[in-house]
Each structure stands twice: as structure tokens, then as C-alpha cells.
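# Working through the structure, step by step
Single-letter residue listing:
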Amino acid sequence: MYDFAADPAQPKPEFYRELLDAADALTAGEPDGVANMANLAALVWQLVPDLNWAGFYRLIGEELVLGPFCGKPACIRIPLGRGVCGTAAQTGETQRVADVRAFPGHIACDAASRSELVVPVIRDGTVIAVIDLDSPRPDRFDEDDQAGFEALAARIGMRI
Ligand code: SME
């Protein structure tokens, strides 16, 4: 078992640097993408506060398919362009949603979710997956969270 720690009380840029280092160490040298996604979901779940879902959807053909995650069982397939995840996958752009109830087409997998951050993972210029984070707290994610997870997505593009 690995035991990573990062203090969520420290300034967010430092917290995310530590999260990135832990993610890097955890996935270095392991070629199996599913194993890496599973450990990354567990790492984020353990270290990032105020989440009720954290994990991956993989882009397969024209739809997103559920990947490794922590949280309640979730919708398995999401068409490209639908909901927050489908929009991030289609546009290749991070979706930071302060109030999911105000997002047209939001897919409520867990009624407790109030805000959401979805970051595309890009390999060779193509979206291959998204990292999806849900929080029960409205407006949970700020620009530091977005920058931190975009850096994480960039680091793991070749490892999942
Ligand atoms: N809320 C997401 C669906 C995935 S669940 O949050 C795990 C969306 O609208 O894309």
C-alpha cells in the first residue's frame, strides 16, 4: 500500500504540486492504464477535500464510458456533447461548473452533487478521457483547482 499525504490547508498551488508529485510517483513505470486510473482516482479521493465523486470517463468512439472512480455507482455511458463530461470531451476544454443545476443537460448521477470540474485528458492532440470531480458544496472549484487538475491531466496523458 502507498501512503501519500498532502495538507489541504496549505496554499492550493503547493497542494497541487504535491498531488502531482504523488501522481507521478504512483504511475511511473506502470504501463497498465486501468491500474493507473484506479490508483489516481483513489489518490484524488484521499487527498482532495469535499468531493462526492472522483474518477475517469474514457472516450470510446462517440461516447464516454465509465472508468475507474471513487464514489457512488454512476452512469456508464455518456454521449459526446451531453452533460458536463460530454461537453468537456467534445470541446477539449475544461468545464468548471459552480452550480450543476444551472448547467443545461447536466446528468445527475448523484443528487448530492452541487458543483463539478471536468478536465479533458489529451494525448497526441486528441481527447482520450476526462477527469470528473463532483462536490456536494456549491462553487467548490476555483481557478487553482482547475489549474491543478489541468496539470495533472497533462502529466498522465501517456499513462492511462
Ligand atoms: N454529472 C456528470 C455525469 C457524470 S457523474 O457526475 C459521475 C455530467 O453531467 O456529465
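Structure first, text after, so check above.
My aim in this report is to walk through the structure given alongside it, one point at a time. Small disclaimer: the values here were computed from a predicted structure and weren't measured.

Okay, the sheet that holds strand 4 (residues 95–97) next. Here we have six strands laid out as an open sheet, ordered 3-2-1-6-5-4, and antiparallel in their pairing. Because the sheet does not close on itself, it has two edges, and the strands there are strand 3 (77–79) and strand 4. Mean inter-strand twist for the sheet, computed between neighbouring axes without regard to direction, equals 25 degrees. Here strand 4 pairs with strand 5 (residues 115–123) via three bridges, running antiparallel. Within strand 5, the position partnered with R96 by the bridge is L117. Sheet strands in contact with helix 3 (residues 83–91) are strand 1 (53–60), strand 2 (63–71), strand 3, strand 4, strand 5 and strand 6 (126–135), and its direction is about 30 degrees off that of strand 5.

Moving on to the packing of aromatic side chains. Under the counting rule described, the total for this entry stands at four aromatic pairs. Geometrically, the ring pair formed by W53 and Y57 is stacked, given 5.8 Å between the ring centres and 25 degrees between the ring planes. Overall, Y57 belongs to the buried group, its relative accessible area being 1%. Connected via pairs of aromatic rings, a cluster forms that spans F15, Y16 and F149.

The next thing to look at is the pairing of strand 1. Note that strand 1 and strand 2 share seven bridges and pair antiparallel. Residue G55 lies in a different strand from strand 2, and its bridge partner there is F69. Counting the residues that bridge the hairpin from strand 1 to strand 2 gives two residues, and of these G61 lies at a positive phi of roughly 65 degrees. As judged from the six bridges shared by strand 1 and strand 6, these two strands associate in the antiparallel manner. Counted as the bridge partner of A54 is L133 from strand 6.

Before going further, it helps to examine helix 2 (residues 33–47). Helix length check: helix 2 (15 residues) gives 21 Å between terminal C-alpha atoms against 21 Å at 1.5 Å per residue, within 8%. For helix 2, the full list of buried residues reads G33, N36, M37, L40, A41, L43, V44 and L47. Relative to the axis of helix 2, the buried residues are bounded by an arc of 165 degrees and lie together on one face. Looking at the buried side of helix 2, the elements it contacts are helix 1 (12–27), strand 1, strand 2, strand 6 and helix 4 (143–156).

A separate point is the environment of W53. The topology assignment puts W53 in strand 1. For W53, a relative accessible area of 3% corresponds to the buried category. Taking the C-alpha atoms as reference, W53 lies 7.6 Å from D132; in sequence the two are 79 residues apart. Reaching out from W53, the side chain makes a polar contact with the backbone oxygen of K72 at a distance of 3.0 Å.

This model, assessed by the stated rule, comprises one disulfide. You can see C70 has no disulfide; the closest cysteine sulfur is in C109, sitting 15 Å from it. Residue classification places C70 among the buried residues on the basis of a relative accessible area of 16%. In this structure C85 is a free cysteine whose sulfur lies 7.6 Å from that of C109, the closest cysteine sulfur available.

Parameters at a glance
Residues numbered from 1 in each chain as written. Predicted model: local features only at pLDDT ≥ 70, side-chain atom pairs only at ≥ 80, totals over all residues. Heavy atoms only, no water. Pairing = 2+ DSSP bridges. Helix = DSSP H or I, 4+ residues; strand = E, 2+ residues; numbered from the N terminus. Axes fitted to C-alpha atoms, helices over the stretch in contact; angles between N-to-C directions. Contact = heavy atoms within 4.5 Å. Phe/Tyr/Trp six-rings, centres within 6.5 Å; stacked < 30°, edge-to-face > 60°. Buried < 20%, exposed > 50% of the residue type's maximum accessible area, 1.4 Å probe, protein only. Expected span 1.5 Å × (residues − 1). Arc of directions from axis to C-beta. Polar contact = N/O pair within 3.5 Å; in protein donor to acceptor, adjacent residues only side chain to side chain. Disulfide = S-S within 2.5 Å.

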